[in-house]
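A structural walkthrough
Listed below are the residues making up each chain.
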There are 2 protein chains.
Amino acid sequence: MPTNQRFLAAAAAACPALDRTIRLPVHEVALERDPSAFQGWSATPVGPADALARRPLAGGHVIVLDFGEHLVGRVSLDLAVISGVHDAPVRLRLIFAELPAEAAEPFDPLTAKPGWLSTAWQQDEVITCDDLPASFALPRRYAFRYLRIEVIEPRGAFTIALAGCRCVQEGVDVADIVTDPTLPGDLAAIDAVARRTLRNCMHTVFEDGPKRDRRLWIGDLRLQALANAVTFRRFDLVKRSLYLLAAFAREDGALSGCCYERPTPRDGSLWLLDYNLLFVATLRDYLADSGDTATARDLYPVARRQVEIGLALLRLDLFLPESGKGWWLFVDWKAGLDHHVAEHGMLVYALRQLGELTAALGDGVAAANDRRTADRLVAAARAAWFDPASGLLRTAAGQVSYANQAWAVLSGIVDADEGARGLRTVALHPDAVRPAGPYLWHHVVHAQLLCGMDREALALLRGYWGGMVRAGATTFLEVYDPADQRLTPYGFVHANSACHAWSCTPAWFLRRWRARLL
Amino acid sequence: MPTNQRFLAAAAAACPALDRTIRLPVHEVALERDPSAFQGWSATPVGPADALARRPLAGGHVIVLDFGEHLVGRVSLDLAVISGVHDAPVRLRLIFAELPAEAAEPFDPLTAKPGWLSTAWQQDEVITCDDLPASFALPRRYAFRYLRIEVIEPRGAFTIALAGCRCVQEGVDVADIVTDPTLPGDLAAIDAVARRTLRNCMHTVFEDGPKRDRRLWIGDLRLQALANAVTFRRFDLVKRSLYLLAAFAREDGALSGCCYERPTPRDGSLWLLDYNLLFVATLRDYLADSGDTATARDLYPVARRQVEIGLALLRLDLFLPESGKGWWLFVDWKAGLDHHVAEHGMLVYALRQLGELTAALGDGVAAANDRRTADRLVAAARAAWFDPASGLLRTAAGQVSYANQAWAVLSGIVDADEGARGLRTVALHPDAVRPAGPYLWHHVVHAQLLCGMDREALALLRGYWGGMVRAGATTFLEVYDPADQRLTPYGFVHANSACHAWSCTPAWFLRRWRARLL
């Protein structure tokens, strides 16, 4: 893969410095089985965290600290001997957990392989301290709210205490999340959690999730950039992220859906057709929000190339790429989802965004051509899939889904009235494939707003994202289904990320669409 | 406890700088069950260690590196991706092992509690590396020859390789152990292993064992100082060790049998009557070997106080301290050993050493008085326990033991002829309590030499310490019984230390007594 060194250098030049601040645990909590609590576990404060400095601990004792909110940072523990003679090393097992259930349901990575992701994503450590008192700095960066500490040793001659514990929070912005007083209480809470979600994913790139994969993905970036533009406005980070992705285009110009930055930047070698198409909208928005024409002009050929690759796959003006043929089709990770209508919608959407970008950069002829191509694809889609009576789009296999409806609206395959009718019909359709998670729910809310369904959009924000807040979330989850709190695409619920970029867009909706929502 | 700050300062002033050198693994080895191998496990070279740089490793793979000899130091691993896309952290389980069986029989410290010592002494680590290539520096100092590496993750998308691995060996002396060409081959091997044992215990104090307890004990120091005087001659380390121990005398002047030095020096609060008595001989030897009269004079009152404490416990001139009454009596850790005769012998021995020390410091009157007291205790012991016909000393309970015989010789309770007769009788006595380990076997060899039993002493060196060499040891063990290779005083054989100070004295015997042995 020929890495574009000039793009890489531009990404390096835009790399932000990280801020740091110290966060202390607030409470000791008791984790208890509670069918009414999220994932079946409640975390109840049982005392102030600093009281632990005087509590003797020995083998078998377990304490759980609550830092009060989801944080990303580096942790150190101060350990002291509190009684007896310290005659041997101390060994502790630590579990950093985003959610109570993750701390309450430990597993042994040495013997168990739950799910199919790497168990090394789990944030557990066994540490051995030879000489106390000691300040032990853990080696990794953790994403967590809870820290479970299990004492393995000492079991005998002496007891220890947790004299101190601190997290050096790190990120592009580590300021406190202050609630917006102009929003109604429940929406202010949703907004704060959304901004914390975004904040905790903003490091030297926009990460998808600070626990997992800690990686720059185009689809997540697209949504993060939306929310960033109306909150933190760190366009340096958007610029860096765009350049990093662009640096690793393969020989035909296709981007990798993700890339890595450590220890040195490298491509992810994952070819996501729909993510690549979203690069176009991200660059268009970046130009509009930042005014950075030079970057937009520099990366414009990359954006156009993603659309060209899509167009080359058309058959009779229908975009019917097949999964597994060199491409990964995402849309949503719902099993059984038929991607065709949504993928076609995304290609049209990308064409329209490309047209706007092209026009903004001054090439009116090319822009008009993009619009014409988009219109042609709209006509083909309507002829193939659209039922004007119901407003529904059915795939060739007859599947009805939120994905079809949302992308038909976003791309303009249907107009606002058709879109509203379709979205209302799909909501009542018994066989409609529902979204699996926040990423597609975002596009549904966006589509609702484009169709004037302001009340429904607000209800969805309050119902879906508000449901996570009511369940105790301080950041929004990668995976959330109110009907199945242990839903996971990974075969292991604790492999899910509890702070995930693609869930952060309520901060965008509540600002960009504020007049319509309030 | 009133710490003597002046002594502490003197100990600090004598603290040596540590030397460091890089040691690389030599072989990859296969660990295999082998009834003929020590503890049932053989380690057979299967290839050069550096070939691992090209071997793909993934979940479930286990490799064992052999560094060729027992080392003490800090280890780092260089990890690299060798194929596939590195999309998740890497997790390895490492076990640093002194012996093949320790590497071949892993246990899970999180669920198992074998034996009664802290499981945190076991040198295992689970490490998680987020970004490869990486050089991962392990946090602790390890004592080991073998490093077992088990790959937990990756299990899927990529493979890794061990691109490098090194141990930064550390100690007061880290030079290669060169075999003495003037000794016969088997004795040269025993001598080299003895010197390596001592070398690997020489850090900022004489440690008992670099794996466990890593602590300064008077009984071990006594034997290390003997060997040191004829090998490394690092009298600064003896001086520091003596001052550290003296700094923590309790209010009645009794020393603690051990002390700790990290993170700051502190006493061990273990009151070993017989170890304290050996402080006297250690100081006497230090003066004789180093010529440092100032230190000897400074610490002389401390030495005398240990003897006075012993004398205060006499009843009708017999020294019959009882274990558990504020004192720990050691002699040897053999279960069921009746300590009385040996403890009495050690008090007499200390009196004689004190007399010599006193004379050397110029107080002839006090020295003569010490000798008279010793002679009085010898008479009492002979009257109470000695059977001239057999040469045996029997405790009040009638017990016959190597401990009784050795200490009767060392203290002069019996003369050389009586001693030789007793030592020969005890060797054939069916009920005699035999030594449990190298510490008492040392005193037996020493007693044999004092009785002119040169051939028997040489045979014991060749049989006992030579047995460890023939079993593959590169350092001498804390616990060794040819008849029971899994003997342990700790309920768990892998809690034993395989490099232990008190086993290092063949280096002393083969030099100080060379003319008699060769």
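Throughout this document, residue positions are counted from 1 along each chain, in the order its sequence is written. Throughout, the order in which chains and ligands are written sets their labels, letters from A for the former and numbers from 1 for the latter. In keeping with the model being predicted, local features are shown solely for residues with a pLDDT of at least 70 and side-chain atom pairs are shown and tallied solely at 80 or more, while totals for entire chains, interfaces and linings include all residues. In computing side-chain values, all of the structure's heavy atoms are included and hydrogens and water are not.

Before going further, it helps to examine the overall build of chain A. Secondary structure elements are defined from DSSP: runs of H or I of at least 4 residues count as helices, runs of E of at least 2 residues count as strands, and each element is numbered from the N terminus. Secondary structure assignment for chain A yields 15 helices and 16 strands. Taken against the 2.2 N^0.38 rule, which gives 24 Å for 518 residues, the C-alpha radius of gyration of chain A at 24 Å falls within 12% of a compact globule. Projected onto the principal axes, the alpha-carbon positions of chain A cover approximately 80 × 50 × 45 Å. Throughout, exposure labels follow a simple rule: accessible area from a 1.4 Å probe, protein chains only, divided by the maximum for the residue type, with under 20% read as buried, over 50% as exposed, and the rest as partly exposed. Counting only residues that meet the buried cut, chain A has 64% of its 518 residues in that class. Two residues qualify as a contact provided that any one of their heavy atoms is within 4.5 Å of a heavy atom in the partner residue. Contacts in chain A between residues far apart in sequence, at least 24 positions, make up 75% of those at least 6 positions apart. Note that accessible areas follow from Shrake-Rupley with a 1.4 Å probe, and for residues the cover is restricted to the protein chains shown. Taken as a whole, chain A presents about 17700 Å² of accessible surface, with 54% of it coming from carbon and sulfur. Radius of gyration means the value over C-alpha atoms here, while the globule rule gives 2.2 Å times the residue count to the 0.38 power.

Each of the two chain copies can be brought onto the other by rotation about an axis and movement along it. To superpose the copies, least squares is applied to the C-alpha atoms of every residue with a pLDDT of at least 70 in both. Of the transformation placing chain A onto chain B, the axial shift is 0.0 Å and the rotation is 180 degrees, giving an RMSD of 0.1 Å. Such a combination of turn and shift is consistent with a two-fold rotation axis. Every residue of chain A has its C-alpha some distance from the rotation axis, and the shortest such distance is that of valine 126 of chain A, at 3.3 Å. The share of interface residues of chain A whose copies in chain B are also at the interface is 97%, consistent with both copies meeting through the same surface.

With that settled, consider the interface of chain A and chain B. Contact with chain A, which involves 39 residues of that partner, is made by 38 residues of chain B. Of the roughly 3300 Å² buried where chain A meets chain B, counting both sides, 51% is carbon and sulfur surface. Salt bridges are defined by distance alone: a side-chain nitrogen of Lys or Arg within 4 Å of a carboxyl oxygen of Asp or Glu. Put simply, chain A and chain B have 8 salt bridges between them. The partner of arginine 214 of chain A in a salt bridge is aspartate 130 of chain B, and the shortest N-O contact between them spans 3.2 Å. Between N or O atoms, a polar contact is any pair within 3.5 Å; within protein, one atom must be a potential hydrogen donor and the other a potential acceptor, and residues adjacent in sequence are included only when both atoms are from side chains. Summed over the shared surface of chain A and chain B, the result is 18 residue pairs in polar contact (both at pLDDT 80 or more). Those elements giving two or more residues to the side of chain A that touches chain B turn out to be strand S5 (90-97), strand S6 (124-129) and strand S8 (142-153) of chain A. The term buried area denotes the loss of accessible surface (1.4 Å probe radius) that occurs when two parts are joined, taken as the sum for both partners.

A few words on the sheet that holds strand S12 (residues 266-267) of chain B. Residue and element names in this part refer to chain B. A pair of strands counts as paired when DSSP detects no fewer than two bridges linking them. A sheet is described by the order of its strands in space; here 3 strands give the open sequence S10-S11-S12, paired in antiparallel fashion. On the outer flanks of this sheet lie strand S10 (216-217) and S12, each paired with one strand and no other. Pairing geometry for S10 and strand S11 (residues 258-260), over 2 bridges, is antiparallel. Note that in S11 the partner of tryptophan 217 across the bridge is cysteine 258.

What follows covers the state of the cysteines. When two cysteine sulfur atoms lie within 2.5 Å, the pair is treated as a disulfide. For the structure shown, the criterion picks out 0 disulfides over all chains. With no disulfide partner, cysteine 499 of chain A has as its closest neighbouring cysteine sulfur the one in cysteine 201 of chain A, 4.1 Å distant. We classify cysteine 499 of chain A as buried; its relative accessible area is 0%. Cysteine cysteine 258 of chain B is unpaired, with the sulfur of cysteine 259 of chain B as its nearest cysteine sulfur at 7.0 Å. Given the relative accessible area of 0%, cysteine 258 of chain B is considered buried.

Attention shifts here to the sheet that holds strand S12 (residues 266-267) of chain A. Residues and elements named next belong to chain A. Taken in spatial order, the 3 strands make up an open sheet running S10-S11-S12, and their pairing is antiparallel. A strand with exactly one partner marks an edge of an open sheet, and here the two such strands are strand S10 (216-217) and S12. Where strand S11 (residues 258-260) and S12 come together, 2 bridges link them in antiparallel fashion. Across the sheet, residue tyrosine 260 finds its bridge partner in S12, namely arginine 266.

Our next topic: helix H12 (residues 438-450) of chain A. Residues and elements named next belong to chain A. The length a helix should cover is 1.5 Å for every residue beyond the first. The first and last C-alpha atoms of H12 sit 18 Å apart over 13 residues, in line with the 18 Å expected at 1.5 Å per residue. Buried residues dominate H12, accounting for 12 of its 13 residues. Listed as buried for H12 are Pro438, Tyr439, Leu440, Trp441, His442, His443, Val444, Val445, His446, Ala447, Gln448 and Leu449. Where H12 ends, the next residue or the one after it, glycine 452, has phi of about 75 degrees, a positive value.

Residues and elements named next belong to chain A. By the definition in use, this model includes 80 salt bridges over all chains. Here arginine 166 makes a salt bridge to aspartate 78, at a shortest N to O gap of 2.4 Å. With arginine 166 in strand S9 (residues 158-171) and aspartate 78 in strand S4 (residues 62-84), the pair connects residues that are 88 residues apart, well separated along the chain. Taken together, the salt bridges that share partners define one network made up of Arg23, Glu69, Asp176, Arg196 and Arg199.

We define a nonpolar core as any set of buried Ala, Val, Leu, Ile, Met, Phe, Trp, Tyr and Cys residues linked to one another through side-chain atoms lying within 4.5 Å. Counting residues in each nonpolar core, the largest one holds 138 residues, and the members touching the most others are Phe279, Trp465 and Leu517 of chain A. Once residues lying within four places of it in the same chain are set aside, the contact partners of phenylalanine 279 of chain A are Ile218, Leu242, Leu245, Ala246, Leu255, Leu299, Val302 and Ala303 of chain A.

With that settled, consider the domain arrangement of chain A. Residue and element names in this part refer to chain A. Domains are outlined according to an automatic or database domain assignment. What the domain assignment reports for chain A is domain 1 (19-171) and domain 2 (185-517). Distance from the C-alpha centre of domain 1 to the C-alpha centre of domain 2: 37 Å. The interface is formed by 30 residues belonging to domain 1 together with 30 residues belonging to domain 2. Summed over both partners, the interface of domain 1 with domain 2 buries about 2600 Å², with 54% contributed by carbon and sulfur atoms. The three residues of domain 1 that bury the most area against domain 2 are Phe38, Trp121 and Arg141, which together make up 27% of that side's buried surface.

Right, let's talk about the packing of helix H4 (residues 218-229) of chain B against helix H6 (residues 273-290) of chain B for a bit. Residue and element names in this part refer to chain B. An axis is simply a line fitted to the C-alpha atoms; with a helix, the fit covers only the stretch in contact. Between two such axes, the angle follows the N-to-C directions and lies from 0 to 180 degrees. Where H4 meets H6, the closest approach of the two axes is 8 Å, and the angle between their N-to-C directions is 20 degrees. Relative to H6, the element H4 lies roughly parallel. Taken as a pair, H4 and H6 cross one another with a handedness that is left-handed. Of H6, the residues touching H4 (which contributes Ile218, Gly219, Asp220, Leu221, Arg222, Ala225, Leu226 and Ala229) are Tyr275, Asn276, Leu278, Phe279, Ala281, Thr282, Asp285 and Asp289. Here the contact of H4 with H6 is composed, by residue class, of 9 nonpolar, 3 polar and 4 charged. Put simply, angles under 35 degrees are roughly parallel, angles over 145 are roughly antiparallel, angles from 65 to 115 are roughly perpendicular, and the rest are oblique. The sense of a crossing depends on the near helix, which, turned anticlockwise from the far helix by less than a right angle, makes the crossing left-handed and, turned clockwise, makes it right-handed. Throughout this entry, Asp, Glu, Lys and Arg are counted as charged residues, while Ala, Val, Leu, Ile, Met, Phe, Trp, Tyr, Cys and Pro are counted as nonpolar. The remaining residues, Gly among them, count as polar.

This part takes up the packing of aromatic side chains. Only rings of Phe, Tyr and Trp enter the pairing, Trp through its six-membered ring, and a pair is recorded when the two centres are within 6.5 Å. The plane angle decides the type: under 30 degrees is stacked, over 60 is edge-to-face, the rest tilted. One pass over the structure, following the stated rule, counts 40 aromatic pairs over all chains. Ring centres 3.9 Å apart and planes at 10 degrees place the aromatic pair phenylalanine 96 of chain B and tyrosine 142 of chain B in the stacked group. Placement of phenylalanine 96 of chain B in strand S5 (residues 90-97) and of tyrosine 142 of chain B in strand S8 (residues 142-153) is noted, with a sequence separation of 46 residues between them. Their ring planes at 65 degrees and their centres at 5.2 Å tell us that tyrosine 402 of chain B and tryptophan 441 of chain B sit as a pair that is edge-to-face. Here tyrosine 402 of chain B is found in helix H10 (residues 402-411), whereas its partner tryptophan 441 of chain B is found in helix H12 (residues 438-450), with 39 residues between them in sequence. Joined through ring pairs, the aromatic side chains of Phe38, Tyr402, Trp441, Tyr464, Trp465 and Tyr480 of chain A make up one cluster. Comment: the charge-over-ring label is applied if NZ (Lys) or CZ (Arg) is within 6 Å of the ring centre and within 35 degrees of the ring normal. Note that arginine 250 of chain B overlies the ring of tryptophan 271 of chain B, its terminal NZ or CZ placed 4.5 Å from the centroid. Directly above the ring of tryptophan 327 of chain B sits arginine 250 of chain B, whose terminal nitrogen or CZ lies 4.9 Å from the centroid.

Moving on, we get to the pairing of S5 of chain A. Residue and element names in this part refer to chain A. Among the 8 residues of S5, 8 are classified as buried, and the element is accordingly described as predominantly covered. With 6 bridges joining them, S5 and S6 adopt antiparallel strand pairing. What sits directly across from arginine 91, in S6, is threonine 128. Pairing analysis gives 7 bridges linking S5 to S8, with the strands arranged antiparallel. Pairing of isoleucine 95 across the sheet is with arginine 148, part of S8.

Let's shift gears to the environment of proline 210 of chain A. Residues and elements named next belong to chain A. Tracing the sequence through the fold places proline 210 in the loop between helix H3 (185-201) and S10. Note on proline 210: relative accessible area 0%, which makes it buried. Taking C-alpha positions, proline 210 is 6.8 Å from asparagine 200, a pair spaced 10 residues apart along the chain. Setting aside chain neighbours within four positions, we find proline 210 in contact with His70, Val72, Arg141, Ala143, Asn200, Cys201, His203 and Cys499.

Take the packing of helix H6 (residues 273-290) of chain A against helix H7 (residues 293-312) of chain A next. A packed helix pair is summarised by two numbers, namely the angle formed by the two axes and the spacing between the axes. Residue and element names in this part refer to chain A. Contact geometry of H6 with H7 gives a least axis separation of 9 Å together with a crossing angle of 155 degrees. Here H7 runs roughly antiparallel to H6, going by the angle between their axes. Between H6 and H7 lies a crossing of left-handed hand. Residues Leu273, Asn276, Leu277, Phe279, Val280, Leu283, Tyr286 and Leu287 of H6 form the contact with H7, whose own contacting residues are Thr293, Thr295, Ala296, Leu299, Tyr300, Val302, Ala303, Gln306, Val307 and Ile309. Broken down by class, the residue content of the contact of H6 with H7 amounts to 14 nonpolar, 4 polar and no charged.

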